[in-house]
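The chain contents come next:
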Amino acid sequence: MVPQVIFWYFAVTMPILAIFVVRLKNPIHSVLCMLFFSFHTAGLFLCLNAEFLAAVELILYAGAVLVLFVFVVMMMNVKDELAGELTLGEWPMAAALGLATLLMLFFGISGFVLGPSGPYTIEAIRAETNTRALGKLLFTEYIFPFEVASFILLIAIVGAMVLAKKRRDD
Amino acid sequence: MKEAILIPFMPLLAFLINIIFGRFLFRHKAHVIAIAGVAISFILSVFVFIQVAQGKTLNYDLYQWITSGGFTVSVGFLIDPLTAIMLIVVTSVSLLVHIYSSGYMHGDPGYYRFFSYLSLFTFSMLMLVTGNNLLQLYFGWEAVGLCSYFLIGFWYQKQSAADAGKKAFIVNRFGDFGFAIGVFMVFLSIGSIQYADIFANVGGLQGKTVHLLGFDVDLITLIALLLFCGAVGKSAQLPLHVWLPDAMEGPTPVSALIHAATMVTAGVFMVARFNPLFSLSPTAMVVVALVGATTSLFAATIALVQNDIKRIIAYSTCSQLGYMFLACGVGAYGAGIFHLYTHAFFKALLFLGAGSVMHAMSGELDIQKMGGLRKHMPVTFWTFFIASLSIAGVPGLAGFFSKDEILWLAYNGGIVGKIVWVMGTIVAGLTAFYSFRIIFLTFFGTFRGTHEQEHHLHESPGSMTVPLAVLAFGAVAAGWVGIPQALGGSNWIAHFFEPVFEHPHVHGSHAEEYMVMAVSVFVAASGIIVSWVFYVLKPEIPRQLGEKFKEVYTTLWNKYYVDELYDATIVRPTKWLASTILVGFTDAKMIEGIVNGVPSLIDKMGRSIRKVQSGYLQHYAMVLVLGLFALISFVFIVTPK
Amino acid sequence: MVPLNWYLALGAVLFIIGMIGFLTRRNMFIMLLCIELMLNAVNITFVTMSHYLNDIRGQIFSVFVMTVAAAEACVGLAIIVTLFRNKATIQSDEIKEMGG
């Protein structure tokens, strides 16, 4: 009973927050709504027994990415841009496409059949803590994607620095 | 005898050397190579003639040209009496014309080009006469037409010369079309185009008919008439005679060689060569005889009133060719070829003499503007006079014997023969008249030209007068090989031709032969006397006659308006067709439509498809989402539950 | 127990909202935010499947998705900054140099 109520809460607020993110005029407001959304996602992860991911979600999204957003939005000082159209002229087409895809996805979800079960039951994870279970798998079987991910982060750092650097006209 | 094969190839070699190297090496000495080539051919031809007179013949295939299924053709040579005499005619006249041209064309910028074309022409004509199959004949036929085009339009900067060249070639083409269909029919009915096969099998075709446009036409007659079409075109008979007078735009040696002695006689040669075929079709023979006789009369009447010296001689050629066809039409092929042989000499002489006169008169052509030239150019005058006597048929000279042979055999040729005999005799009178008209107006009387021309009057150089003299000798003596038995001769030439032609049966007696001879001599003499009266004694008579019969005079002067008729019925509609339909519609609308339309269509398509690349990021993203949607739908629809 | 399909439906709805937002909004920042939204929806789906299949590999994949999302947000913002410097606009329909 209780899990379902909690789920229903999430199922109602998260789409509303998402719609707010999409439809608000001021980008700062949108970022704020996104922040709330991240909190709710973290909550959802907790419901799904993914504690590590909930924590990472908060640290990463709420703590880093969205703050970065806020900084840049502030830096841009785009007050004058707020006048003008909110959406592109082709929004009916986009909405229609989106709804069609949603219908298709619902269609697929309704016929979804679950595959074979794996070894990591909730009890097994609880015995080992989520983090340790994740780490065990990450650093043995998925070590290569891990290294690649760190490489991606390196590139992102270097790229961001190169792109955003102010050109000094000597 | 095999060395006869070299005969056509010597001029070919001369042509190649002259055309390739002439520009650099032989600018003004091109005549040496050309004359050498033709001289060798001439010597070989004499040699061959002697051997043929002893009875030898040659039918030799040099190499196989085309092998295609059931159709094989070789480059082959047939030397028999007919060929031998043609070889003599062609090489001797060609050699004399070459020598004459070295004087006449002296200083012309296209000197080496002229000699290369002359050599090419000689080669083509020799291939035509020595061939042993229809394809080689056709090759030679077309090649001489081509050389005629080159040589008539030799001074191509002159518009009239270029036009005349085109006219000759195109009018010839009309005839050659019929000729080609004739060749096709020969192949279809007999299965081979070698003369030997044709003549062996032609008897088997008698009585076969072809269903054509609802009528049953006799096969042999059809083939013969189609082949005759080509002869009509090539030998300038009615109705395809229109190119010959205009062909006088070319240099005079060209007129002498091509349009007097050799190319135009190719038609007669062809009819004579195919005499087994023609003899089997009485209808075709009648057609040939009537066309020949009508052309003869037609051309002679036009020649009466022309003033351009070369044109008169051109119409005279047309008329004499009519005589030759007349002879072939009544079955006297030997007589026709005999006349061809004598005619080559005196006609070439007339043309070269005219060239000499023009040379002296600084290019003047109008005989009304000449006069009294015999004091200034004696050699030209005497040779011209001899030629005119010969053509008029004065007894003792070459023309008399050949013309008389024809008239006598025509008289013996049944009803049609008698009709054409009457026409031929009238033509003989007219011929004498207009030939001497030239002489009296040009060489007698007082000079009617300008003072400047009078100052320049001189006899021509040796290179021109020597050939005149040689030809004059030919004009006199060439006929002596055919002195008929009635006059005590042996008619050697008729016997010479026996292997090739059947000698026509002669029913008349010697008395009738004398009568015919007397009639023709009388007619010739009266023609000369009347001409003398008109142009020397009482010059006002021609003018008065012209005034009295003004319409007749105008019609004759305008050549019976045939050119105008052709222009209105054929030339203008063709031009209209070409410009309105073919250029206006097919070319401008259809082809241009496609050629311009396809690119413009591609352009329009490109322009509209280009709009997909709008540059907006979200448009691209929408396409991405569309793809995603398609993929998901595809997966969910296709996979079985 | 919450049925699996509900979680998946929630993930799908969030994804579509993010997608429509990306295709519709003119403001570049909001477009980036919508991308983040889509990535979050995907994360939810992965974690759901990981939970219901008793397999932790979904969570591992989710870790990688988050890594890439962070890197991409960073670079995306740098690009917007550069674009603003050159074009003085952050509206996506005023940038069409690459159009044909």
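Scoring rules and cut-offs
Residues numbered from 1 in each chain as written. Chains lettered and ligands numbered in written order. Predicted model: local features only at pLDDT ≥ 70, side-chain atom pairs only at ≥ 80, totals over all residues. Heavy atoms only, no water. Helix = DSSP H or I, 4+ residues; strand = E, 2+ residues; numbered from the N terminus. Buried < 20%, exposed > 50% of the residue type's maximum accessible area, 1.4 Å probe, protein only. Contact = heavy atoms within 4.5 Å. Areas by Shrake-Rupley, 256 points an atom, 1.4 Å probe, with all protein chains shown as cover. Lys, Arg positive; Asp, Glu negative; His and termini not counted. Charge placed at Lys NZ, Arg CZ, Asp CG, Glu CD. Rg over C-alpha atoms; globule rule 2.2 N^0.38 Å. Buried area = accessible area lost by both parts, 1.4 Å probe. Salt bridge = Lys/Arg side-chain N within 4 Å of Asp/Glu carboxyl O. Polar contact = N/O pair within 3.5 Å; in protein donor to acceptor, adjacent residues only side chain to side chain. Nonpolar A, V, L, I, M, F, W, Y, C, P; charged D, E, K, R; others polar. Phe/Tyr/Trp six-rings, centres within 6.5 Å; stacked < 30°, edge-to-face > 60°. Lys NZ or Arg CZ within 6 Å of the ring centre and 35° of its normal. Expected span 1.5 Å × (residues − 1). Pairing = 2+ DSSP bridges. Axes fitted to C-alpha atoms, helices over the stretch in contact; angles between N-to-C directions. Parallel < 35°, antiparallel > 145°, perpendicular 65-115°, else oblique. Left-handed = near helix turned anticlockwise from the far one by under 90°. Core = buried A, V, L, I, M, F, W, Y, C linked by side-chain atoms within 4.5 Å.

A. Fine view of the overall build of chain B. When you go through chain B residue by residue, the secondary structure sums to 26 helices and four strands. By principal-axis analysis of the C-alpha atoms, chain B measures approximately 120 × 65 × 55 Å. In chain B, which comprises 641 residues, the proportion classed as buried is 56%. Contacts in chain B between residues far apart in sequence, at least 24 positions, make up 79% of those at least 6 positions apart. Surface accessibility of chain B: about 26700 Å² in total, with carbon and sulfur atoms responsible for 70%. Counting 36 positive and 33 negative side-chain charges, chain B places the centres of these two groups 10 Å from one another.

B. Spatial organisation of the overall build of chain A. Helices and strands together make up the secondary structure of chain A, namely seven helices and zero strands. Relative to its length of 170 residues, chain A is extended, with a C-alpha radius of gyration of 21 Å against a globular reference of 15 Å. Dimensions along the principal axes, computed over C-alpha positions, put chain A at roughly 60 × 45 × 30 Å. With 170 residues in all, chain A has 35% of them scored as buried. A separation of at least 24 residues holds for 56% of the contacts in chain A among residues at least 6 apart in sequence. As presented, chain A carries roughly 10300 Å² of accessible surface, and 73% of it is formed by carbon and sulfur atoms.

C. Structural view of the interface of chain B and chain A. Taken together, the contacts link eleven residues of chain B with eleven residues of chain A. Surface buried jointly by chain B and chain A totals about 980 Å² across both partners, of which 87% is contributed by carbon and sulfur atoms. On the chain B side of the contact with chain A, Met622, Phe629 and Phe636 of chain B bury the most area, a combined 51% of that side's loss. Counting across the chain B and chain A interface gives zero salt bridges. Linking chain B with chain A are zero residue pairs in polar contact (both at pLDDT 80 or more). Across the side of chain B that touches chain A, the residue classes break down as eight nonpolar, three polar and no charged.

D. Spotlight on the packing of aromatic side chains. Under the definition given, this model contains 45 aromatic pairs over all chains. Measuring from centroid to centroid gives 4.7 Å for Phe46 of chain C and Phe61 of chain C, while their planes differ by 35 degrees, and the two rings are tilted. You can see Phe46 of chain C sitting in helix α2 (residues 28–52) and its partner Phe61 of chain C sitting in helix α3 (residues 57–87), a full 15 residues away along the chain. Residue classification places Phe61 of chain C among the partly exposed residues on the basis of a relative accessible area of 45%. Members of the aromatic cluster, joined through ring pairs, are Phe381, Trp382, Phe384, Phe385, Phe436, Phe440, Phe443 and Phe444 of chain B. Looking at Arg374 of chain B, its charged tip hangs above the ring of Phe444 of chain B, at a distance of 4.3 Å from the centre.

E. Representation of the interface of chain A and chain C in the model. Counting from both sides, the interface comprises 86 residues of chain A and, opposite them, 69 residues of chain C. Here chain A meets chain C over a buried area of about 7000 Å², counting both sides, of which 78% is carbon and sulfur. The interface formed by chain A and chain C includes one salt bridge. In this structure, Glu141 of chain A engages Arg57 of chain C in a salt bridge whose closest nitrogen and oxygen atoms are separated by 3.1 Å. Connecting chain A to chain C are seven residue pairs in polar contact (both at pLDDT 80 or more). Per-element tally for the side of chain A that touches chain C: the top contributor is helix α3 (residues 51–76) of chain A, with 14 residues. Its residues assigned to classes, the side of chain A that touches chain C shows 64 nonpolar, 14 polar and eight charged.

F. The side chain of Glu57 of chain A, seen in detail. Checked against the element boundaries, Glu57 of chain A lands in helix α3. Other than its neighbours up to four places away in sequence, Glu57 of chain A contacts Ser38, Thr41, Ala42, Phe45 and Ala62 of chain A together with Asn40 and Met66 of chain C.

G. Representation of helix α22 (residues 510–537) of chain B. In this model, α22 of chain B (28 residues) spans 39 Å end to end at C-alpha, consistent with the 40 Å of a helix rising 1.5 Å per residue. On the buried face of α22 of chain B, the contacting elements are α16 (378–392), α17 (398–411), α18 (414–443) and α23 (540–548) of chain B.

H. Representation of the pairing of strand β2 (residues 71–79) of chain B. All names here are of chain B. Among the nine residues in β2, seven count as buried, and that is most of the element. Bridge count between strand β1 (residues 58–68) and β2: nine bridges; the pairing is antiparallel. Of the residues in β2, the one forming a bridge with Ser68 is Phe71. Two successive antiparallel strands, β1 and β2, enclose a turn made up of two residues, where Gly69 displays a positive phi of approximately 65 degrees.

I. Expanded view of the packing of helix α5 (residues 134–152) of chain B against helix α10 (residues 252–261) of chain B. Residues and elements named next belong to chain B. Between α5 and α10, the shortest axis-to-axis distance is 11 Å and the interhelical angle comes to 160 degrees. Here α10 runs roughly antiparallel to α5, going by the angle between their axes. For the element pair α5 and α10, the recorded crossing hand is left-handed. Where α5 abuts α10, its residues Ser148, Leu151 and Ile152 lie against Val254, Ile258 and His259.

J. Summary view of the nonpolar core. Within the largest apolar cluster, 206 residues are counted, with the highest numbers of intra-cluster contacts made by Leu134, Phe274 and Phe278 of chain B. When residues of this core are assigned to their parent elements, the largest contribution, 18 residues, is made by helix α15 (residues 333–360) of chain B. Judged by nonpolar contacts, the second largest core, of 74 residues, contains Val56, Met76 and Ile109 of chain A together with Leu14 of chain C.

K. Structural detail: the pattern of salt bridges. Residues and elements named next belong to chain B. Using the criterion set out here, one finds 17 salt bridges over all chains in the structure. Notably, a salt bridge pairs Asp176 with Arg173, separated by 3.5 Å at the nearest N-O pair. Linking Asp176 with Arg173, this pair stays in helix α6 (residues 159–190), spanning three residues, or about one helical turn. Of the charged contacts in the structure, one is a salt bridge between Glu249 and Arg311, with a shortest N-O distance of 3.9 Å.

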